[in-house]
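Spelled out from the first residue to the last, the chains are:
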Amino acid sequence: MQLVTLARNPVPSGATVGELKGHDGVRLRFARWSATRGPRRGTVCLFGGRGEFIEKYFEVIADLRRRGFAVAMMDWRGQGGSQRLLRNPRKGHVRDYRDYEKDLLRFMKDIVLPDCPPPFVAMAHSMGGTILLHNAVRPGSWFERIVLTAPLIALNTEKIHYPQPVVRLYAEASCLLGMATAYVRGGSDIPEEQVAFENNRITDDHERWTRNKSILDVAPELGLGSPTNSWLRATCRACTRLQNPGFAARIQVPMLVFAAGNDEIVSTPAIEDFCVGLKVGTHILLPGSEHEILQETDGVRQRFWAAFDAYLGIREVQV
């Protein structure tokens with residue numbers, strides 16, 4: 001379980017890469033780095049979204065290390081360099097989000113707590129945000145603060161012209177009829193990072209999109225296609241829990257949430273509605289941004305990092 005390096009996307013120096021076992025024995029790839037600048041500020045635990053992989057975050061990892069953070073990251077089960085769950089490795093599959101949550105527990109106990117300096121800050125994108133939000137209501141959280149980018153509170157179903165109750169009904173019915181491991185309607189083996197740039201729904205930055213596509217050109221085994229019906233059902237159920245009245249108010253970990261103004265993957269209004277209920281958090285809308293805020297244009301990323309630095313009390317960043 002090594003990391004893939006390219007001339008345009010080199011592995012950040014000093015990486016420790018390895019494997020841990022998920023709660024049921026599924027092999028999970030992880031990597032961690034120490035900070036490259038002082039003062040030392042602890043560790044950012046970085047969690048990607050559906051279909052993402054550690055290599056896609058090398059630039060972000062370097063940004064965090066320059067701010068004095070150590071960084072620890074893993075690939076979620078069924079994607080990246082972690083063990084795939086179905087015979088077709090391109091299918092994005094999970095039975096229940098509780099599997100992700102239990103893997104998070106193993107990652108923290110086996111990798112982060114023994115070998116990474118506290119305090120711990122969680123930083124998660126999209127599906128990773130869904131998982132972290134469920135963890136944030138549990139007693140005894142490891143994290144002093146949480147930063148989320150475009151968290152998956154609800155799917156954006158406007159493009160497919162079906163209201164969310166219909167999508168939930170489809171997911172439940174398809175699994176009940178024995179199609180849990182089939183692709184969702186219209187799904188394919190093609191990763192989001194490998195569609196034509198003009199048709200992509202994740203970033204307006206051509207250079208970063210090309211970089212991420214190049215990683216999959218060299219290492220296609222890291223890519224993930226569309227989700228299965230089971231993943232969709234698990235996601236709908238997880239989002240329903242997040243949308244329950246009073247859920248946001250139960251979160252005790254201070255939280256900064258970023259929403260993307262042009263998001264076609266997750267629902268930005270759902271993020272804004274959720275954040276209204278937070279007692280110890282706030283949110284920032286980034287106009288013009290597509291779904292993957294940290295893979296966006298320099299202008300979007302600069303606004304993100306300015307807010308991140310203010311939130312964490314970082315006054316100066318060495319380049």
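A few points on the structure.

About the cut-offs
- Residues numbered from 1 in each chain as written.
- Predicted model: local features only at pLDDT ≥ 70, side-chain atom pairs only at ≥ 80, totals over all residues.
- Heavy atoms only, no water.
- Helix = DSSP H or I, 4+ residues; strand = E, 2+ residues; numbered from the N terminus.
- Contact = heavy atoms within 4.5 Å.
- 1 Å grid on protein atoms, 1.4 Å probe; cavity = no way out; pocket = protein on both sides within 12 Å on 5 of 7 lines; lining within 4 Å.
- Points joined across faces, edges and corners; volume = space filled by probe spheres on them.
- Nonpolar A, V, L, I, M, F, W, Y, C, P; charged D, E, K, R; others polar.
- Expected span 1.5 Å × (residues − 1).
- Buried < 20%, exposed > 50% of the residue type's maximum accessible area, 1.4 Å probe, protein only.
- Polar contact = N/O pair within 3.5 Å; in protein donor to acceptor, adjacent residues only side chain to side chain.
- Phe/Tyr/Trp six-rings, centres within 6.5 Å; stacked < 30°, edge-to-face > 60°.
- Salt bridge = Lys/Arg side-chain N within 4 Å of Asp/Glu carboxyl O.

## Thoughts on the side chain of Glu101
Thought 1: Considering the arrangement of structural elements, one finds Glu101 in helix α2 (residues 97-115).
Thought 2: Setting aside anything within four residues of it in sequence, one finds Glu101 in contact with Ile131, His134, Arg138 and Arg241.

## Let's talk about the layout of surface pockets
Thought 1: The volume enclosed by the largest pocket comes to roughly 1100 Å³.
Thought 2: If you list the elements that add at least two residues to the lining of the largest pocket, you get α4 (164-176) and α6 (229-242).
Thought 3: Taken together, the residues of the lining of the largest pocket break down into 19 nonpolar, twelve polar and ten charged.
Thought 4: Of the pockets and cavities examined, the second largest pocket occupies roughly 200 Å³.
Thought 5: Taken together, Arg98, Glu101, Lys102, Leu104, Leu105, Asn135, Arg138, Pro139, Gly140, Ser141 and Trp142 make up the lining of the second largest pocket.
Thought 6: Residue composition of the lining of the second largest pocket, grouped by class: four nonpolar, three polar and four charged.

## A look at α2
Thought 1: Helix length check: α2, at 19 residues, gives a terminal C-alpha distance of 26 Å against a target of 27 Å (1.5 Å per residue), a fit within 8%.
Thought 2: Among the residues of α2, those classed as buried are Tyr97, Asp99, Tyr100, Glu101, Asp103, Leu104, Phe107, Met108, Ile111 and Val112.
Thought 3: Its side-chain oxygen at 2.7 Å from the backbone nitrogen of Arg98, Asp96 defines the N-terminal cap of α2.

## Considering the packing of aromatic side chains
Thought 1: Evaluation of the coordinates by the stated rule reveals 13 aromatic pairs.
Thought 2: Judged by centre distance (4.6 Å) and plane angle (50°), the ring pair of Phe258 and Phe304 falls under tilted. On the criterion of sequence distance, the pair formed by Phe258 in strand β7 (residues 255-260) and Phe304 in helix α8 (residues 298-312) is long-range, its members being 46 residues apart. Of the two residues, Phe258 and Phe304, neither departs from the other in class, the shared state being buried.

## Thoughts on the environment of Arg84
Thought 1: Positionally, Arg84 belongs in the loop between β4 (69-74) and α2.
Thought 2: Look at Arg84 and you get buried, because its relative accessible area is 16%.
Thought 3: Not counting residues up to four positions away in its chain, the partners in contact with Arg84 are Gly78, Gln79, Pro89, Arg90, Glu221, Leu222, Gly223 and Leu224.
Thought 4: Of the polar contacts made by the side chain of Arg84, one reaches the backbone oxygen of Gly80; its length is 3.0 Å.
Thought 5: A polar contact is formed between the side chain of Arg84 and the backbone oxygen of Pro89, at a distance of 2.5 Å.

## A closer look at the pattern of salt bridges
Proximity of charged atoms lets side chains of opposite charge pair with each other.
Thought 1: According to the stated counting rule, one finds 24 salt bridges in the structure shown.
Thought 2: For Asp309, the salt bridge is made with Arg67, and the minimal N-O distance between the two is 2.7 Å. Of this pair, Asp309 sits in helix α8 while Arg67 sits in the loop between α1 (58-66) and β4, placing them 242 residues apart in sequence. Accessibility classification places Asp309 together with Arg67 in one group, the buried group.
Thought 3: Ionic contacts of the salt-bridge type, sharing partners, join the residues Glu59, Asp63, Arg66, Asp205, Arg208, Arg211, Asp298 and Arg301 into one network.

Everything listed here is a matter of coordinates, which is why it stays silent on function.
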